[in-house]
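# Fold and contact review
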Amino acid sequence: MAEESAPNPIGRRLRYFLRSNRFVFSLLVLAIGIFLTVLAVGAYTPVMNIGPFPSINSVTNPPSGPNYDLVFVLAGPIITIIGAYFVGAYYLARHRFEHLMVTRSKAEFLRNLPEVEDLLWDLTPADEMRYAEKKSDLRIRR
């Protein structure tokens, strides 16, 4: 009799979900970093008296409480750099992967096989399935 497969553990499902939506999450990290950087700029530059910044600064730096603006100064640029790296890495991997997937030459595909497998670490599970289909179309066993 065939055994019923147990549901995947929560950790594996979470990893699959994060890999499937990698680009969305990298954009989200970049947007959060930019938002925190804007809050830091609005707290310590002359624009602190313009627009919504006075009301935001009254919440983030109350007279009798912690100064969260200092956290924004440190965390904002760091998170922005990390988000920019994730977005850039995804775009570069996507561009190179698409170029290698449209090739009709089996020799070129074989030459770049290690590179394609490295690129798959930065891409989604759907791209892994496209890669497997391409290998079967070109009759490559590995």
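See the structure above.
The structure contained in this document is the topic of the report that follows. These numbers were taken from a predicted model, which means no experiment stands behind them.

## Topic: the packing of helix α4 (residues 69-101) against helix α7 (residues 125-137)
Across the interface, α4 lies against α7 with an axial gap of 11 Å and an inter-helix angle of 20°. Put simply, α4 runs roughly parallel to α7. As for the relative orientation of α4 and α7, their crossing is left-handed in sense. Judged by residue contacts, Arg94, Phe97, Glu98 and Met101 of α4 engage Asp127, Arg130, Tyr131 and Lys134 from α7. Grouping the amino acids of the contact of α4 with α7 by side-chain chemistry returns three nonpolar, no polar and five charged.

## Focus: the nonpolar core
Ranked by size, the top nonpolar core spans 14 residues in total, and within it Phe97, Phe109, Val116, Leu119, Leu123 and Tyr131 carry the most contacts. For this core, the secondary-structure elements that each account for two or more residues are α4 and α6 (113-119). Here this core gets five residues from one element, more than from any other, and that element is α4. The contacts of Phe97, once residues within four sequence positions are left out, are Val116, Leu119, Leu120, Leu123, Asp127, Arg130 and Tyr131.

Criteria and cut-off values
Residues numbered from 1 in each chain as written. Predicted model: local features only at pLDDT ≥ 70, side-chain atom pairs only at ≥ 80, totals over all residues. Heavy atoms only, no water. Axes fitted to C-alpha atoms, helices over the stretch in contact; angles between N-to-C directions. Helix = DSSP H or I, 4+ residues; strand = E, 2+ residues; numbered from the N terminus. Parallel < 35°, antiparallel > 145°, perpendicular 65-115°, else oblique. Left-handed = near helix turned anticlockwise from the far one by under 90°. Contact = heavy atoms within 4.5 Å. Nonpolar A, V, L, I, M, F, W, Y, C, P; charged D, E, K, R; others polar. Core = buried A, V, L, I, M, F, W, Y, C linked by side-chain atoms within 4.5 Å. Buried < 20%, exposed > 50% of the residue type's maximum accessible area, 1.4 Å probe, protein only.

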